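Tertiary structure, described
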Amino acid sequence: MREERGLREEILGWLTHSVRHEPMGAFPGDPSRRLFEDPILGVAHGGDPLFREFRRLIGKFHKVPLEILEEAFPGESFGEERIRVICYVLPIPRATREGNRHRKDLPHPEWMLTKIHGEAFNEWLRAELVGFISSKGYRAVAPVLHPSFLQFPLLSGDITSNWSERHACFVAGLGTFGLSRGLITQAGVAVRLGTVVTDMPLPPTPRKYTSPHEYCLFLSRQDCGLCMERCPAGAITSRGQDKRKCQEYQVKALKIQGPKLGLGSKITGMHLSCGLCQCGVPCEEGPPMGSGPNSMR
Ligand code: SF4
Ligand code: SF4
């Protein structure tokens, strides 16, 4: 067990060092400022029954960690017992959030830059974490970077994928879901997430919550709902977030604001951003006061 905890500390130390010092993790144009605050680490057990439950809730196409590792390493067999999902949260710093808090229509340029450069950095982080684990002699794969990762529209018009980093982070004890669809973590909802599936024997993180919506005031006790008011696209209602409406709005925001930032000639998921529902709301920087019996705030 001591050895497992040591491995956990090594992973957290590596992530923290990368977030603090890797040149790609600097805010564009200001090397003294970082794109993210120190990461939070959680580990999910690959055999957690919740992963199979997601197949029922999200769709049969949603993968379990065992499939992902076996697809990445054909011919090798891994028992579910050995599999872990490393999950991390990258909190968006207060200075960036503050800019977006006061926006009522279009996202703040610093928020847009954080999404674009932050997700490029996050892609690097996932890939390098795989390399770091491999150098220790274990198998590892970042599901969203693997060629088998798919994002596609459903008949309902919703957009989905065959691996959800938010859901894996929920299993790993990192937070619960909010009305605006984000994961409300101990650092709040204004975060980026990452996952790596591995056979490294890390100790799973216990979940401190008992319900999937424990930290959302609206979904747990019909209070708040501020993210509905904050959304300039009307994409959030009491039934949740309409991903398509949200995405259409983000395309519009990119077309209007992109040229000033040297963006907009290419429209990809990485270039889309808004986050007004994640700033200026009670869950911005942690579980809201009074939410969930296990809230640390
Ligand atoms: S703003 Fe309120 S209703 Fe919306 S996700 Fe946060 S806690 Fe839930
Ligand atoms: S990201 Fe923007 S458009 Fe999308 S739901 Fe949030 S506030 Fe609405």
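Everything below is about the structure printed above this text.
So, here's what we can say about the structure. (Residues numbered from 1 in each chain as written. Chains lettered and ligands numbered in written order. Predicted model: local features only at pLDDT ≥ 70, side-chain atom pairs only at ≥ 80, totals over all residues. Heavy atoms only, no water.)

**Re the packing of aromatic side chains**
All told, the structure shown has 10 aromatic pairs when counted by the stated rule. Look at W14 and F132: their rings are 5.5 Å apart centre to centre, the planes differ by 20 degrees, and that puts the pair in the stacked class. Of this pair, W14 sits in helix α1 (residues 2-21) while F132 sits in helix α5 (residues 109-135), placing them 118 residues apart in sequence. The pair W14 / F132 is uniform in exposure class, with both members buried. Plain terms: the ring middles of Y209 and Y215 are 5.8 Å apart, the flat faces sit at 85 degrees to each other, and that makes the pair edge-to-face. The buried category is assigned to Y209, whose relative accessible area is 6%. Among the aromatic residues, ring-to-ring pairing joins W14, F36, F121, W124 and F132 into one connected group. Positioned above the aromatic ring of F27, the side-chain terminus of R33 is 4.0 Å from the ring centre. (Phe/Tyr/Trp six-rings, centres within 6.5 Å; stacked < 30°, edge-to-face > 60°. Helix = DSSP H or I, 4+ residues; strand = E, 2+ residues; numbered from the N terminus. Buried < 20%, exposed > 50% of the residue type's maximum accessible area, 1.4 Å probe, protein only. Lys NZ or Arg CZ within 6 Å of the ring centre and 35° of its normal.)

**What to know about the site of ligand 2**
Looking at ligand 2, the residues that line it are C231, P232, A233, I236, Q241, C246, Y249, Q250, C274, G275, L276 and C277. The element best represented in the shell around ligand 2 is helix α9 (residues 243-257), accounting for 3 residues. Residues of the shell around ligand 2, tallied by class, amount to 9 nonpolar, 3 polar and no charged. (Near = heavy atom within 4 Å. Nonpolar A, V, L, I, M, F, W, Y, C, P; charged D, E, K, R; others polar.)

**Details of the site of ligand 1**
Taken together, 13 residues lie around ligand 1, and C216, C224, G225, C227 and C283 are the ones closest in. Judged by the fraction of its atoms near the pocket grid, ligand 1 is located in the largest cavity. (1 Å grid on protein atoms, 1.4 Å probe; cavity = no way out; pocket = protein on both sides within 12 Å on 5 of 7 lines; lining within 4 Å. Sits in = over half its atoms within 2 Å of the grid points.)

**A word on the pairing of strand β3 (residues 40-45)**
Summarising burial for β3: 5 of the 6 residues are buried, a large majority. Relative to strand β4 (residues 84-91), β3 runs antiparallel, the two being bridged by 6 bridges. The residue bridging G42 from the neighbouring strand is C87, located in β4. (Pairing = 2+ DSSP bridges.)

**Quick word on empty space enclosed by the protein**
Counting across every chain of the model gives 2 cavities of 30 Å³ or more. Of the volumes computed, that of the largest cavity is approximately 90 Å³. If you trace the largest cavity, you find 16 residues lining it, with C216, L217, C224, C227 and C283 closest to the centre. Those elements giving two or more residues to the lining of the largest cavity turn out to be α7 (217-221) and α8 (226-230). As a volume, the second largest cavity reaches approximately 40 Å³. Lining the second largest cavity are K63, I68, P143, H146, S148, F149, N162 and W163. (Points joined across faces, edges and corners; volume = space filled by probe spheres on them.)

Worth remembering: the numbers are spatial, not functional.
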